[in-house]
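# A closer look at the structure
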Amino acid sequence: MAAGAPRVFVSHLSGVPVFDPNGDQVGRVRDLVAMLRVGGRPPRILGLVVEVVSRRRIFLPMTRVTGVESGQVITTGVVNMRRFEQRPTERLVLGEFLDRRVRLVESDEEVTVLDVAIQQLPARRDWEIDKYFVRKGRGGALRRKGETLTVEWSAVSGFSLEEHGQGAENLVATFERLRPADVANALHHLSPKRRVEVAAALDDDRLADVLEELPEDDQVEILGKLKEERAADVLEAMDPDDAADLLSELPEEDKERLLTLMRPDDAADVRRLMAYEERTAGGLMTTEPIVLRPDATVADALARVRQQDLSPALAAQVYVCRSPDETPTGKYLGTVHFQRLLRDPPFTLVSSIVDSDLVPLPPDTPLPTVTSYLAAYNLVSAPVVDESGSLLGAVTVDDVLDHLLPDDWRETDFHGEEGILHGRT
């Protein structure tokens, strides 16, 4: 939903159909999943509970919802069909918020929540509760006759967490304001039992981001304590190169079992990366750079670069290739840096401004050579191309630094701007 679009009341979402980008119905909305937060911040909407054709209920993250309008929900098309299981830190909006007795902050008057409005944050894919529709009175006939009104989320008490609580729910809410590296640092300093409890309470995408920043021992410990299907979900949400690195630390039997549980396309990417030596371009690369066909325009390229989930290094340039445009691609033609994209008209074809002078890296290029390559050409990412000329992926400077720093660098105590919690159990 675009900024400034009308808010959506959740009662209007109940039962609406969910479609993939091709117009095929995936299922129907049965509830919304929210997370309470500290500091007087409105509850965040994590996703939808969708009932699919088999009557199984699955979880659809809001990050994969591209539209909520005209009595329907549109998704990106990537849907995990595993059964939805509510976690301790999650609340069901229709099941737990509606008909709940709460109080108005200003008057301390008790009211009943009849409906909840949600709205998407400007320029982001995050959704929050925006308003409550409430009725005054204490139930029965009075409830039917009581005055109804729509109030801001901040006007109602009972939908936020205590600032200084130390339950997993409070820590997860506190960690939401931190960068993944800061959350990882905080988790590392918790006791093993506490670390696993808090990590398990994070949603899949957040846990995936945090795992990528943790020392290997912590990664293995946390993954081993998750249910196998949940562990496979988290591995799917991780960058393929980080998932491959983590799986390589597991016993062969556990590794194969988790790969079997992963979606075939995700597992194939990880298996391909695991075939390369760790300290080579093939072992370091990600298989998900921005790939465009020659007939794409500058406008197409900029739209891809603006995607929120991309790291700065991956967003720095696009790779122009013949079809297919997923790695391994057709013939690699060259790159276009985002600064060049900003200088040319939106209708310009990327094939007309492609830089083909830079020789790409073979997948067996050793780490020292990759480092020198990035430094010599002032790059933050570089293409990895096989003997047939197909783009296999891209090596980014953050992955190179990860392997150049001492093995225990992630265990170094450091603080983000907002500070982090250390050792509190």
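Provided above is the structure to which this section pertains.
Notes on the structure in this doc start here. (Residues numbered from 1 in each chain as written. Predicted model: local features only at pLDDT ≥ 70, side-chain atom pairs only at ≥ 80, totals over all residues. Heavy atoms only, no water.)

What follows covers the nonpolar core. Formed by 57 residues in total, the largest nonpolar core has its most connected members in Leu-187, Leu-207, Leu-223, Leu-235 and Val-395. Sequence-distant contacts of Val-395, that is, excluding residues within four places in its chain, are made with Ala-281, Leu-284, Met-285, Val-370, Val-380, Ser-381, Ala-382, Val-384 and Val-400. With 38 residues, the next largest nonpolar core counts Val-26, Val-50, Val-73 and Leu-104 among its residues. (Core = buried A, V, L, I, M, F, W, Y, C linked by side-chain atoms within 4.5 Å. Buried < 20%, exposed > 50% of the residue type's maximum accessible area, 1.4 Å probe, protein only. Contact = heavy atoms within 4.5 Å.)

What follows deals with the pairing of strand β11 (residues 127-136). With respect to burial, β11 is a largely interior element, eight of its ten residues being buried. Where strand β4 (residues 44-52) and β11 come together, two bridges link them in antiparallel fashion. Pairing of Ile-45 across the sheet is with Trp-127, part of β11. Relative to β11, strand β10 (residues 110-120) is paired through nine bridges, and the arrangement is antiparallel. Considered in β11, the bridge of Val-116 is made with Tyr-132. (Helix = DSSP H or I, 4+ residues; strand = E, 2+ residues; numbered from the N terminus. Pairing = 2+ DSSP bridges.)

In this section: the sheet that holds strand β15 (residues 317-321). A sheet is described by the order of its strands in space; here three strands give the open sequence β14-β15-β16, paired in mixed fashion. Edge positions in the sheet fall to β14 (291-292) and β16 (332-337), since each has one partner strand and no second. In this sheet, β16 lies alongside β15 in antiparallel orientation, the contact comprising five bridges. Paired with Tyr-319 across the bridge in β16 is Thr-335.

In short, shape yes, function no, at least from these values alone.
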